[in-house]
Amino acid sequence: MSDSLSVVIFQGTESEFWPAVMQIRKTVFVDEQQIDISLEFDDIEVKAYHLIVLDNGRPAGVCRFFKTEEGYKMGRFAVLKEFRGQGIGNALIQASLSEIEDIAEEGSKVYLHAQTYVTKFYEEEGFNIEGDEFMEDGIPHVLMVQTI
């Protein structure tokens, strides 16, 4: 991660960074990918851990993770167009995995639903595809998993 990048992690929605998280997700998922806004924000927000990457203090990318019965689910990875290809996504994954390792039992499952066209990115971060492609919010996805 370059010196200009910093990652902020917070749980729930009571953070000064929550409005920036919502704006990035709206821009990427609702505006760019045409996902219905009613599908983008859910009741998991208040229990999830949220991560935001700042590039020289400017919000650039976000994701979240939360505990489930199966392990820890990561998702809502979104990087603003002008910051793509600069390691923001890698910083989000690495910070998420580091945080999960701090709170999870060894051998815990970490998983995500990856849009099919970006599976190579997640494979490079140690995730493996499990099962067949499925549709989620009108977009092809696959289940990707790793154990920590």
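Residues numbered from 1 in each chain as written. Predicted model: local features only at pLDDT ≥ 70, side-chain atom pairs only at ≥ 80, totals over all residues. Heavy atoms only, no water.

This structure, assessed with the given rule, holds five aromatic pairs. Ring geometry for Tyr-49 against Phe-65: centres 4.8 Å apart, planes inclined by 10°, an arrangement best described as stacked. You can see Tyr-49 sitting in strand 2 (residues 49-55) and its partner Phe-65 sitting in strand 3 (residues 58-67), a full 16 residues away along the chain. An angle of 85° between the planes, with centres 6.3 Å apart, marks the rings of Tyr-122 and Phe-127 as edge-to-face. Exposure remark for Phe-127: the relative accessible area of 0% places this residue in the buried category. Among the aromatic side chains, those forming a connected cluster through ring pairs are Phe-77, Phe-121, Tyr-122 and Phe-127. Against the face of Tyr-111 rests Lys-109, its NZ or CZ located 5.2 Å from the ring centre. (Phe/Tyr/Trp six-rings, centres within 6.5 Å; stacked < 30°, edge-to-face > 60°. Helix = DSSP H or I, 4+ residues; strand = E, 2+ residues; numbered from the N terminus. Buried < 20%, exposed > 50% of the residue type's maximum accessible area, 1.4 Å probe, protein only. Lys NZ or Arg CZ within 6 Å of the ring centre and 35° of its normal.)

Here we have seven strands laid out as an open sheet, ordered 1-2-3-4-5-7-6, and mixed in their pairing. Looking along the sheet, the strands with just one partner apiece sit at the ends: strand 1 (5-11) and strand 6 (128-136). Each neighbouring strand pair of the sheet contributes to a mean axis angle of 25°, computed without reference to strand direction. (Pairing = 2+ DSSP bridges. Axes fitted to C-alpha atoms, helices over the stretch in contact; angles between N-to-C directions.)

Turning next to the side chain of Thr-119. With respect to the helices, strands and loops of the structure, Thr-119 is situated in helix 4 (residues 119-124). Exposure remark for Thr-119: the relative accessible area of 13% places this residue in the buried category. When near neighbours in sequence (up to four residues on either side) are disregarded, Thr-119 contacts Ala-114, Ile-129, Val-142 and Met-144. (Contact = heavy atoms within 4.5 Å.)

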